Amino acid sequence: MSWAHEFTDGWQCEQLTRNLADDKPKKKWKDFQPKGTPPMYSRDRVVDVRHIKIEVALDVKKKSVAGVARLTMRPFTDDVTSVELDAVELNVARVECDGRALSFDNTGEMLIVRFPRPLLPERDATVSVTYAATPRRGLYFVGPDKFNPKKHREVWSQGQDEDNRHWFPCFDYPNEKATSELVATVPGSWFCLSNGKMLSRRKNRDGTATFHWKQEVPHVSYLITLCAGEFSESTGAWSGIPVNYYVPPGREADGERSFGRTPEMVKFYSELIGVRYPYAKYAQITAADFIFGGMENTSATTQTERTLHDARAHLDFSSEPLVAHELVHSWFGNLLTCRDWSHAWLNESFATYFDNLWYRHARGEDEFRYEQYGDLRAYLGEDASSYRRPIMTNVYRAPIDMFDRHLYQKGGCVLNMLRNILGDRLFFKAIQLYTERHRAQTVVTQDLLEALEDATGRNFDWLFEQWIFKGGHPEFEVACAWDEKHASAALTVKQTQTPDELTSIFRLPLKVRFVGKGYDETKAFELREASHTFHLSLPARPSWIGFDPANSIPKTLDLKFDEDQLAAQLREDDDVMGRVYAAQALGKKGTNGAVEALGEALLKDKFWGVQAECAAALAKIHTTSALEKVLAAAKVKHPKARRAVARALGEWTDAKAANALLPLARKDASYYVEAEAAQALGKAKGLRARAELLRSTRKASYLECIRAGALTGLTDLDAAQALPELEKFAKVGQPEHARNAALGLLGKAARDSNDEKAKARVRETLERALLDGFFLDRFAAMRGLKDLRDPAAISALTKFKDSALDQRLARHAESTIAALRDAGGVPPEVKALREELEKLKKDAQAVKEKLEKVSAQTGKRGKR
C-alpha cells in the first residue's frame, strides 16, 4: 500500500524534507501513542477459513451491494458451537450451514453465527450469509456530479487494513489466509477486475454482465478486491503470465507511460528474489478518488488515477516507484503476509526497499543511492518533527497508525544496511530462503531473523534489537586530524544522540575510505561506544575522506573535515552520496572557498541530485557571492536540478533572484520547474511577481502543480492580496488539486492578513470543507485551520474527529485540535519576539556580507 499524498503534493516532497538530515530535534520526543495505550495482540481463531466465495450484484444508483458470501471453514477444536465474523453495517437476511438455517446475532460490527451442535473437528463446513449493504467504507461508488460532470464512473474496494468487512462478512485480520472467488454482476458495459483467474464472463438478459474470478493461492481477506467500470484494456505478458492494465478510455498513452515496463519488472523481481511470480496473472487498474497511492490486492493491484501522466510530466516524474512498490507486495505482503500489524514492516519496508532496487537496475547506482537517501530523509523528518518509535511495536490504537515513515522508509533503510553488511550474494540467498520457507503463510519478524542466520551463518539479534525493536539512529559527528611528523591520521567518530530506553549507542560495522596522493584505501572499523578515535598510518595526508561509502547506515552526519578535503571530495568522489554529504558540509562552512567549490559542482556535477544539494547549500550560505553562483546555474540542463535552483533562488528577497525566476515561471519544458519557480517568486518578491503569478494560476498542469506553486507564491508575496484568489480556488468545483492547495493555504493567508472578518470567513470555509471535500481536501482543510490558529474551530474539528470513519482523518483532526489548544492564538509578545528575531537575522546578514567583502579584499592583497 502506498500513500495518497505522494501523488498530490509530491512535487513539494524534496522541499519539505530538505536538510532535515542536518537538523537535530529541538525538543523532547513526542509519544507515538498516548500514554497508557494497551498493547495489541494477534486475534484468536476458532476456525480455519479455507475458502470464501462472494456473489454480489452492484446497484450503482443506490450505491449498494447485495448477495451471498459463502465461507468454508474447519474448526480447530471439537467444541466450536459459534463463530464470529466481522460484518460492519451489513443487513443480514439469512445464515445457513450446508443448506440449514442458523440462528445469528448481528451487532452492526460482528455477525455471531450459532450452530445447533459443535462442528466436527477436521471437517469442512460452509456458512452462507445472505446480506445487503450500503457501505460507507471498504467499497466506494465514484461518479460524476454537478461539480465534476466528467468524473469517471466506477466502483472500487479498498480492504487494507480492516475495511472489507464493510461489504462482505469475513474474518478480517491478517493471520487468516484462504482461497477466494468473486462473482460480481455489474452494468453491462462495464468490466470487473478481481483476484486470480477469470473463469467466466457473461452477458445477462437484464442488460447486466457477470464476472467470475477465482484466486487459488491462499491470501488474507483485506487483499480481496472488486474494481468495476468502463476501462480500456492493454495486454502484455511475461513467461506465459498475463500482465495487463486498465485505464479510463482516452488515457491509453498515459497508461503505457505509467505501466508499460511492468512485464520487465515481473521478470526482474522473479529473478532477484529467486522465487517466480506466484499468481495466475498480474493486473493493474486505476481508481478515481482513490484514498491511497496504490493497493496490492493479490494479482489485481489498484493504482490511483493520479499516477497517470502526460509526456511533459514524464520529464521528471515517473510512476515506476509506485508500480514497483505494489508489484513487490506480490511476494512480501501477499505471498508472505505479516501475522499481525505489529510486524507490518515485513510487508511495507520490503516493498519500499525493493522498489528502490528497481531504480538501481533501471537507472543506475547514483539514482538508487539518492532515492534511498530520499527515504532516509523522509524518516528523519518524521523522527525530528513528530515522534520516534520502534519499527516493530504492538502499541497502537488502530492499525493505520503503524503505516508511517518508520514502517516504510526507515525499515527500507535497515534492509539496505543489511544488504551492504552481507553483500548481494548472501543477502539475496537469505531473502530467497525466507520467501520459499514461508510461501503462502503469515510471518513474524523472528522468521526473517532465522532465515538470515540459516542462510548466512550470522546472528543478527543485536542488529534487530537496536534497529527494529528500539528506535532512533546514530547521529554522527566525524573529524580527522593529521600528524605530519608521524604520518598518521586520527579519525574521531562520535555518536551524539542521547541514549535512553528507546535509543541506543549503536554497535555498527563501519567503513571509511581514505584517498590521498598515490593511495586509495578503505578501512573497516567496529563501533560500540559513544566516541572512538582510530589512529591510522597513511602515506600522506588524505586529500579527502569518504565516511560510510554508499551511505549504508541510516544516520545524520556532521562532517568536521577541512574545507579543502570537502572540496576535493565534492570534485572527485565517485560515490554520489560522498559528494552529497560534502556539499552539505561545505554549506555549513560558508566561506568563499566553499562558495567556489559549490558553484563549480552546481554547474558541472554529472548527477542532478548533487547539483540540487549544491543549490541548497549555497542558499544556506546566503551571501551575495552564493547568489551569483545560483544565478549562473538558472539554465542547468536536468529539470530536477533546475527545480532545485529555482527553490534556492527563492531564499533571497532580491531583485536579481526575482528576475531570474520570471522566465522559469513563465515557460519551462517541465511543469515542476514552473511550479517551483512560481512558489519561489513569491518569496523573492520583485515588481512583476504578482502579475506573473496570477498568469500562472491560469495554467493547467499535471496534478495542478503550477497553480499550487502560484497560489503558494501569491500567499508568500502578500497574504491579504492573495486571499481573493485563494478563496476562488477553494470553492467546490474548482480543479481538484488546485482546490486542495488553496484550502491548505487559506489559514496562513487569513492569519497574516490581520483582517478579523476574513479570518472568520475563512474559518467557516475550511469547516465546510471538512464535510464537503474529497478525502485529500479534508486534510488540506485541517492544515488550513491549524495555520489559522483560531480556537473557535475546535468545536467543528471535534465533531469531525468523532464522526470520521477513516482513522487517518481522525488522527489528523486530533493533532490539529491539540495544536490549536497549544497555540490559543498568537500572543502579542510572541509576535513581537518574531519581529525582533527577523531584525536580528537581517543585521546578522549585513555583518556576514561585510566580512565577506573584507575577506575578498584580503585575498586580493595576498595575491599581489
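What you see is a predicted model; the values in this text were computed from it and never measured.

## What to know about the state of the cysteines
(1) Moving on: Scanning the model with the defined rule gives zero disulfides in all.
(2) Moving on: Not part of a disulfide, Cys227 finds its nearest cysteine sulfur in Cys192, a span of 7.9 Å.

## A look at the pattern of salt bridges
(1) Moving on: Counted under the stated rule, the structure contains 72 salt bridges.
(2) Moving on: Between Arg707 and Glu704 there is a salt bridge, with the nearest N and O atoms lying 2.6 Å from each other.
(3) Moving on: Between Asp752 and Arg751 there is a salt bridge; the shortest N-O distance is 3.3 Å.
(4) Moving on: Here Asp752 falls in the partly exposed class, since its relative accessible area comes to 34%.
(5) Moving on: A cluster of three or more residues bridged by salt bridges with shared partners is formed by Arg360, Glu365, Arg369, Arg419, Asp424 and Asp575.

## Brief notes about the packing of helix α25 (residues 794–803) against helix α26 (residues 807–823)
(1) Moving on: Contact geometry for α25 and α26: axes closest at 9 Å, N-to-C directions at 160 degrees. Accordingly, the angle class assigned to the pair α25 and α26 is roughly antiparallel. Viewed along their axes, α25 and α26 form a crossing whose handedness is left-handed. The segment α25 lies against α26, with Ile794, Leu797, Thr798, Phe800 and Lys801 engaging Leu809, Ala810, Ala813, Glu814, Thr816, Ile817, Leu820 and Arg821.
(2) Moving on: A breakdown of the residues in the contact of α25 with α26 according to their chemical character gives eight nonpolar, two polar and three charged.

## As for the sheet that holds strand β3 (residues 82–86)
(1) Moving on: The strand order across the open sheet built from three strands is β3-β7-β6, with neighbouring strands paired in antiparallel fashion. Here the strands that pair on one side only, and so sit at the sheet edges, are β3 and β6 (103–106). Across the sheet, the axes of successive neighbouring strands diverge by a mean angle of 20 degrees, strand direction being ignored.
(2) Moving on: Two elements, β3 and strand β7 (residues 110–114), share five bridges in a ladder whose sense is antiparallel. Looking at β7, one finds that Glu84 is bridged to Ile112.

## Considerations on the sheet that holds strand β11 (residues 177–187)
(1) Moving on: A sheet is described by the order of its strands in space; here eight strands give the open sequence β5-β4-β8-β2-β1-β11-β14-β13, paired in mixed fashion. Edge positions in the open sheet fall to β5 (100–101) and β13 (197–203), since each of these has one partner strand only.
(2) Moving on: The pairing of strand β1 (residues 47–59) with β11 spans seven bridges and is classified as parallel. Along β11, the bridge assignment pairs His51 with Thr179.

## Re helix α5 (residues 345–363)
(1) Moving on: The terminal C-alpha atoms of α5 lie 26 Å apart, and with 19 residues this matches the ideal 27 Å at 1.5 Å per residue to within 8%.
(2) Moving on: Counting buried positions along α5 yields 15 of 19 residues, so the element is predominantly enclosed.
(3) Moving on: The first or second residue beyond α5 is Gly364, which carries a positive phi of 100 degrees.

## Notes on the layout of surface pockets
(1) Moving on: Reported here for the second largest pocket is a volume of approximately 1,100 Å³.
(2) Moving on: In this structure, the second largest pocket is lined by 41 residues; those nearest its centre are Asp289, Gly773, Phe774, Phe775 and Arg778.
(3) Moving on: Looking at the lining of the second largest pocket, the elements with two or more residues in it are β9 (139–142), β10 (154–157), α22 (736–753), α23 (756–772), α24 (775–788) and α25.
(4) Moving on: Examining the composition of the lining of the second largest pocket, we find that four residues originate from one element, β9, more than from any other.
(5) Moving on: Each residue belonging to the lining of the second largest pocket can be placed in one class, and the counts come to 19 nonpolar, seven polar and 15 charged.

## Some remarks on unusual backbone geometry
(1) Moving on: Each neighbour pair has its own omega, and for Gln160 with Asp161 the value is 10 degrees, a cis peptide bond.
(2) Moving on: Inspection of the secondary structure puts Asp161 in the loop between β10 and β11.
(3) Moving on: A positive phi angle, near 60 degrees, is found at Asp289, a position not held by glycine.
(4) Moving on: Mapped onto the secondary structure, Asp289 falls in the loop between β19 (282–287) and β20 (294–295).
(5) Moving on: With a phi close to 75 degrees, Ala550 is a non-glycine residue in the positive phi region.
(6) Moving on: Note on placement: Ala550 falls in the loop between β29 (544–547) and β30 (556–559).
(7) Moving on: Residue Ala550 is classed as buried on the basis of its relative accessible area, which comes to 16%.

## Points about the packing of aromatic side chains
(1) Moving on: Under the counting rule described, the total for this entry stands at 40 aromatic pairs.
(2) Moving on: Taken together, a centroid distance of 4.9 Å and an interplanar angle of 65 degrees make the contact between Phe268 and Tyr269 edge-to-face. The residues Phe268 and Tyr269 share a single accessibility class, namely buried.
(3) Moving on: When the centroid spacing of 5.1 Å and the interplanar angle of 80 degrees are considered together, the rings of Phe427 and Phe428 count as edge-to-face.
(4) Moving on: Judged by relative accessible area, which is 1%, Phe427 ranks as buried.
(5) Moving on: Take Phe428: its relative accessible area is 12%, and that puts it in the buried class.
(6) Moving on: Taken together, the aromatic side chains of Phe332, Trp345, Phe350, Tyr353, Phe354, Phe368, Phe427, Phe428, Tyr434 and Phe464 make up a single cluster linked through ring pairs.
(7) Moving on: When the ring centre of Phe32 is taken as reference, the NZ or CZ atom of Arg389 above it lies at 4.8 Å.
(8) Moving on: The positively charged end of Arg507 is found above the aromatic ring belonging to Trp462, 4.1 Å away from the centroid.

## Some details on the side chain of Asp447
(1) Moving on: Assignment of secondary structure puts Asp447 in helix α9 (residues 445–456).
(2) Moving on: Arg437 provides the closest opposite charge to the buried, salt-bridge-free Asp447, at an N-O distance of 7.1 Å.
(3) Moving on: In this structure, Asp447 is in contact with Tyr434, His438 and Thr442, ignoring residues within four places of it in sequence.

## A few points about empty space enclosed by the protein
The method is simple in principle: a probe with the dimensions of a water molecule rolls over the atoms, and the space it marks as empty is what remains.
(1) Moving on: Within this structure, the stated rule accounts for eight cavities of 30 Å³ or more.
(2) Moving on: Taken as a whole, the largest cavity holds about 90 Å³ of empty space.
(3) Moving on: The wall of the largest cavity is formed by Val49, Ile52, Leu71, Cys170, Phe171, Glu176, Lys177, Ala178, His219, Val220, Ser221 and Ile224.
(4) Moving on: Elements with a minimum of two residues in the lining of the largest cavity: β1, β11 and β14 (208–220).
(5) Moving on: Classifying every residue of the lining of the largest cavity by side-chain character gives eight nonpolar, two polar and two charged.

## Details of a negative patch on the surface
(1) Moving on: A cluster of acidic residues, Glu450, Glu453, Asp461 and Glu465, forms a negative patch on the protein surface.
(2) Moving on: For the negative patch, the elements supplying multiple residues, two or more each, are α9 and α10 (461–467).
(3) Moving on: By the element assignment, Asp461 lies in helix α10.
(4) Moving on: The partly exposed category is assigned to Asp461, whose relative accessible area is 40%.

## Observations regarding the nonpolar core
(1) Moving on: Residues Leu226, Tyr269, Trp345, Phe354, Phe464, Leu491 and Leu570 are the most contacted members of the largest nonpolar core, which totals 266 residues.
(2) Moving on: If sequence neighbours within four positions are ignored, Leu491 has contacts with Val478, Ala479, Cys480, Val512, Phe514, Phe525, His532, Thr533, Phe534 and Leu536.
(3) Moving on: Formed by nine residues, the second largest nonpolar core is a distinct cluster that contains Ala313, Phe317, Tyr671 and Ala675.

## A word on the pairing of β13
(1) Moving on: Pairing of β13 with β14 involves six bridges; the strand directions are antiparallel. Residue pairing for β14: Arg202 is matched across the bridge by Thr210.
(2) Moving on: Here β13 folds back onto β14 in antiparallel fashion, the turn holding four residues, of which Gly207 has a positive phi close to 90 degrees.

Each value, and the rule that gives it
Residues numbered from 1 in each chain as written. Predicted model: local features only at pLDDT ≥ 70, side-chain atom pairs only at ≥ 80, totals over all residues. Heavy atoms only, no water. Disulfide = S-S within 2.5 Å. Salt bridge = Lys/Arg side-chain N within 4 Å of Asp/Glu carboxyl O. Buried < 20%, exposed > 50% of the residue type's maximum accessible area, 1.4 Å probe, protein only. Axes fitted to C-alpha atoms, helices over the stretch in contact; angles between N-to-C directions. Helix = DSSP H or I, 4+ residues; strand = E, 2+ residues; numbered from the N terminus. Parallel < 35°, antiparallel > 145°, perpendicular 65-115°, else oblique. Left-handed = near helix turned anticlockwise from the far one by under 90°. Contact = heavy atoms within 4.5 Å. Nonpolar A, V, L, I, M, F, W, Y, C, P; charged D, E, K, R; others polar. Pairing = 2+ DSSP bridges. Expected span 1.5 Å × (residues − 1). 1 Å grid on protein atoms, 1.4 Å probe; cavity = no way out; pocket = protein on both sides within 12 Å on 5 of 7 lines; lining within 4 Å. Points joined across faces, edges and corners; volume = space filled by probe spheres on them. Phe/Tyr/Trp six-rings, centres within 6.5 Å; stacked < 30°, edge-to-face > 60°. Lys NZ or Arg CZ within 6 Å of the ring centre and 35° of its normal. Lys, Arg positive; Asp, Glu negative; His and termini not counted. Patch = residues over 30% accessible without salt bridge, like charges linked within 9 Å, V, L, I, M, F, W, Y side chains within 5 Å. Areas by Shrake-Rupley, 256 points an atom, 1.4 Å probe, with all protein chains shown as cover. Charge placed at Lys NZ, Arg CZ, Asp CG, Glu CD. Core = buried A, V, L, I, M, F, W, Y, C linked by side-chain atoms within 4.5 Å.

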